[in-house]
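Understanding the architecture of this molecule
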Amino acid sequence: MNPTHPSPEQAYLLLSSYLEASSGVLDLFTADELNMLMAERTSSENGTAQCFSKVDLEAAFNLALAIGAQVRGQAEYLQLSKAYFLRAREIAFDGMLMSQNLNTVRHFVLLTFYSLGACNRNAASMFLTIAAKAAVILGLHSSENDRDLPEEELSTRFRIWNSVQNLDVLSSFIHGRLRSSPVIRQNISDPVLFSGGENQNAQSLFTAMAKACILLEEIVDTLGKSNNILHVPTAEGVLERLRQWSRGLPQNVRRFSYPPETNRHLNPENRRVLLGSIHISCVYYFAVILITRPFLVAYLMSRLRGKAPDHLISDPDEASDINIKNNKVSRLAQVCVSSAITMVEMCVKAKALNFTFGNLCIIEAWIFGAGLVLGFSMFAGEPRKDIEGAFADAHDILGDIALASPQAQLYHNMLTDFAEAITKYRRRVSDEMHYTVQHYMDRILIFEPPTDTNELGQPDDYDSVRNVDEPWGFSLSNPTQADPFVFPMGLTTANAADEILRNQHDGWFEGSIPFPEFFVPELEPFDQLFYTVE
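For clarity, every value in this text was computed on a predicted model and none was experimentally measured.

1. Thoughts on the overall build of the protein chain
In terms of helices and strands, the protein chain carries 18 helices and zero strands. Total accessible area on the protein chain is roughly 25,200 Å²; 52% of this is exposed by carbon and sulfur atoms.

Put into structure tokens, the structure is as follows:
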């Protein structure tokens, strides 16, 4: 299938969208390569040269354009995106098992990124496995035999290998899949890694992400070796390692200077830098959530079960001071909630700068994870208004991304159902409180509204005002109040999302999640959800 060539202006827009979506995560093209690809595309359009001197470059460029069209998400781009993807996939599979090279790895990394945006995680996992295996066969993970290579080729090998590593680590931890590439530690601060690039901002973003992914994996290994999932010293130790990494980030990653005219859209370079910084920040907040959410779950589950948190740490050495013990658990639980709030607030500030969210396959998963943390906190009765406001903002951000992403549409619907379920649960708790009090106490003075017929109006007792001003109700349409969600009953929470995904056709979400009229909370599924990686 040969797609229609876009105009040079359209190709530039699609390529810019690709660079934005992959900013900080992938570094597969140098500036010279991109300029050459654009020049050959323009020459072929003008009839002065054949399109692409190398077939491998054609496949890579088609995939970049396909991802760019996918990110933009408008209806007119969807067909073009699919056409470029099918053409590039055909080229990539042609002879891939017989002759592996750097472009083989690059092609399948791009195929993976496209499949994640198309809500096809199984295909993405397969493509990423091929990319990782080809990278190992080519020895991209080892520098022992690379000393005689030209500096430019050496830089390309390291950039492609770390692109594989970044995408592998992020997708495995976000989506709960096994890693495809071997765990190999490299000194990514070596300047030879990035000596071939001209864009200093892109280099610093990619370097920071590569370091973050290595640290994230080390943290998960450390947590896995801890016998006690609520071991406070271990959690505090890895949190301190994260802070040391974050304090070493360059200023162009930590600070974004935006134009004073907030009503103007950001230019492509500003969008690319901003989105790269958002990617890196989300990795940090996600890591904090990963470390502290066992404490949040333990603390909130103890509240739901009506127990004090004294039993959460059973180690006698840590139980000598109950006040300190309880304070540590609740403090780390609040760190988890605050990390989710900060992640959402960051995206809200980006939106205020007229940053339009397209099909961003990695950010949507992080925002959904933050929404889970916030929604669960609300479900357990956390009274803080900032939690409810951040949950509503997470719902809105996913709604923006859902305009271009079927996966975000799924997440958006799940948060909507969670909001309705929490409202019903709060109403049920309030009902039980009222009926308990009513069994022992009468209401003496009842205020009646005036009527035109001089008849007694309906008294404002519990039954008449119950549905007028629900004190615990909230609405996603109200920015000052939050709105939560739930999974269908009859499924464990961990399996509910998989069941919904199996009901999708070609990756597109259809319908909404059903739940019963009277929601009866099942506590263990929430427990399972927050002890596993999304």
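Text resumes after the structure shown.
2. Points about the side chain of Ser 339
Position of Ser 339 among the secondary structure elements: in helix H12 (residues 322-352). When neighbours within four sequence positions are excluded, Ser 339 is seen to be in contact with Tyr 285, Val 288 and Ile 289.

3. As for the pattern of salt bridges
Evaluation of the coordinates by the stated rule reveals 12 salt bridges. Salt-bridge contacts for Arg 272 lead to Glu 269; the nearest nitrogen and oxygen are separated by 3.4 Å. Linking Arg 272 with Glu 269, this pair stays in helix H11 (residues 268-304), spanning three residues, or about one helical turn. The exposure class of Glu 269 is partly exposed, given its relative accessible area of 29%. Linked by salt bridges that have partners in common, Lys 385, Glu 388 and Arg 426 make up one network.

4. Some details on the environment of Asn 359
Within the secondary structure layout, Asn 359 lies in the loop between H12 and helix H13 (361-379). Looking at Asn 359, the relative accessible area reads 3%, which means it is buried. Between the C-alpha atoms of Asn 359 and Pro 406, which are 47 residues apart in sequence, the distance is 8.7 Å. Ignoring sequence-local partners within four residues, the contact set of Asn 359 consists of Gln 70, Val 71, Gly 117, Glu 364, Ala 404 and Ser 405. Among the polar contacts listed, one links the side chain of Asn 359 to the backbone oxygen of Ala 404, at a separation of 3.3 Å.

5. A short note on a nonpolar patch on the surface
Taken together, Met 433, Val 437, Tyr 440 and Met 441 make up a surface patch of nonpolar side chains, about 490 Å² in accessible area. With respect to the element layout, Met 433 can be found in helix H15 (residues 406-438). In this structure Met 433 comes out as exposed when scored by relative accessible area, which is 55%.

6. Let's talk about the nonpolar core
One broad trend across soluble globular proteins is that nonpolar side chains are buried collectively. Counting 140 residues, the largest nonpolar core has Tyr 18 and Trp 366 as its most contacted members. Take this core: its biggest share by element is 21 residues, from H11.

7. Quick look at the packing of helix H7 (residues 151-175) against helix H8 (residues 200-225)
For the pair H7 and H8, the least separation of the axes is 10 Å and the interaxial angle reads 45 degrees. When the axes of H7 and H8 are compared, the pair comes out oblique. In terms of crossing hand, the pair formed by H7 and H8 is left-handed. Of the residues in H8, those touching H7 at Arg 159, Asn 162, Ser 163, Asn 166, Val 169, Leu 170 and Phe 173 are Phe 206, Met 209, Ala 210, Cys 213, Leu 216, Glu 217 and Val 220. Classifying every residue of the contact of H7 with H8 gives nine nonpolar, three polar and two charged.

8. Re the packing of helix H9 (residues 232-247) against H11
At a minimum axis separation of 10 Å, H9 and H11 run at an interaxial angle of 170 degrees. Comparing the axis directions of H9 and H11 gives the class roughly antiparallel. Two secondary-structure elements touch here, H9 through Val 232, Ala 235, Val 238, Leu 239, Leu 242, Arg 243, Trp 245 and Ser 246 and H11 through Ile 280, Tyr 284, Ala 287, Val 288, Ile 291, Thr 292 and Phe 295. Its residues assigned to classes, the contact of H9 with H11 comprises 12 nonpolar, two polar and one charged.

9. What to know about the packing of aromatic side chains
Tallying each qualifying case throughout the model produces nine aromatic pairs. Geometrically, the ring pair formed by Phe 355 and Phe 357 is edge-to-face, given 5.1 Å between the ring centres and 80 degrees between the ring planes. Aromatic pair Phe 368 and Tyr 411: ring centres 4.2 Å apart, planes at 10 degrees, arrangement stacked. Placement of Phe 368 in helix H13 and of Tyr 411 in helix H15 is noted, with a sequence separation of 43 residues between them. An aromatic cluster of three or more residues is present, and its members are Trp 245, Tyr 284 and Tyr 285. Sitting above the plane of the Phe 355 ring, Arg 271 keeps its charged end 4.4 Å from the centroid.

10. Some remarks on the confidence of the model for the protein chain
Scored by pLDDT, the protein chain has a mean of 76; 70% of the residues are at 70 or more. The least confident element of the protein chain is helix H17 (residues 493-502), whose mean pLDDT is 39; the most confident is helix H14 (residues 385-402), at 94. In the model, residues 461-473 has pLDDT below 50 throughout and makes 19 contacts with residues more than four positions away in sequence or in other chains. Contacts for the low-pLDDT stretch residues 478-534, under 50 throughout, to residues beyond four places or in other chains number 141 contacts.

11. Side note on H7
Taking 1.5 Å of rise per residue, the 25 residues of H7 would be expected to cover 36 Å, and the 36 Å separating its terminal C-alpha atoms lies within 8% of that figure. Burial of H7 is extensive: 22 of the 25 residues sit out of reach of the surface. Positive phi shows up at Gly 176, right after H7, with a value of about 70 degrees.

12. Examining the environment of Leu 15
Its location among the elements puts Leu 15 in helix H1 (residues 8-21). When the C-alpha atoms of Leu 15 and Gly 68 are compared, they prove to be 5.7 Å apart, with 53 residues separating the residues in sequence. Once residues lying within four places of it in the same chain are set aside, the contact partners of Leu 15 are Leu 34, Met 38, Phe 61, Ala 64 and Leu 65.

13. A word on unusual backbone geometry
Of note, the phi angle at Cys 119 is positive, near 65 degrees, even though the residue is not glycine. Look at Asn 354: it is not a glycine, yet its phi comes out positive at around 65 degrees. Relative to the helices and strands, Asn 354 resides in the loop between H12 and H13. A relative accessible area of 25% means that Asn 354 is categorised as partly exposed.

14. Structural notes on H14
When the terminal C-alpha atoms of H14 are compared, their 26 Å separation across 18 residues agrees well with the 26 Å that a helix rising 1.5 Å per residue should span. With 13 of 18 residues buried, H14 is to be regarded as a mostly interior element.

15. Regarding the environment of Gly 381
Here Gly 381 shows up in the loop between H13 and H14. Gly 381 sits in the partly exposed class, given a relative accessible area of 37%. In this structure the C-alpha to C-alpha distance between Gly 381 and Ile 422, which are 41 residues apart in sequence, comes to 9.7 Å.

So, how was this worked out
- Residues numbered from 1 in each chain as written.
- Predicted model: local features only at pLDDT ≥ 70, side-chain atom pairs only at ≥ 80, totals over all residues.
- Heavy atoms only, no water.
- Helix = DSSP H or I, 4+ residues; strand = E, 2+ residues; numbered from the N terminus.
- Areas by Shrake-Rupley, 256 points an atom, 1.4 Å probe, with all protein chains shown as cover.
- Contact = heavy atoms within 4.5 Å.
- Salt bridge = Lys/Arg side-chain N within 4 Å of Asp/Glu carboxyl O.
- Buried < 20%, exposed > 50% of the residue type's maximum accessible area, 1.4 Å probe, protein only.
- Polar contact = N/O pair within 3.5 Å; in protein donor to acceptor, adjacent residues only side chain to side chain.
- Patch = residues over 30% accessible without salt bridge, like charges linked within 9 Å, V, L, I, M, F, W, Y side chains within 5 Å.
- Core = buried A, V, L, I, M, F, W, Y, C linked by side-chain atoms within 4.5 Å.
- Axes fitted to C-alpha atoms, helices over the stretch in contact; angles between N-to-C directions.
- Parallel < 35°, antiparallel > 145°, perpendicular 65-115°, else oblique.
- Left-handed = near helix turned anticlockwise from the far one by under 90°.
- Nonpolar A, V, L, I, M, F, W, Y, C, P; charged D, E, K, R; others polar.
- Phe/Tyr/Trp six-rings, centres within 6.5 Å; stacked < 30°, edge-to-face > 60°.
- Lys NZ or Arg CZ within 6 Å of the ring centre and 35° of its normal.
- pLDDT = per-residue confidence, 0-100.
- Expected span 1.5 Å × (residues − 1).

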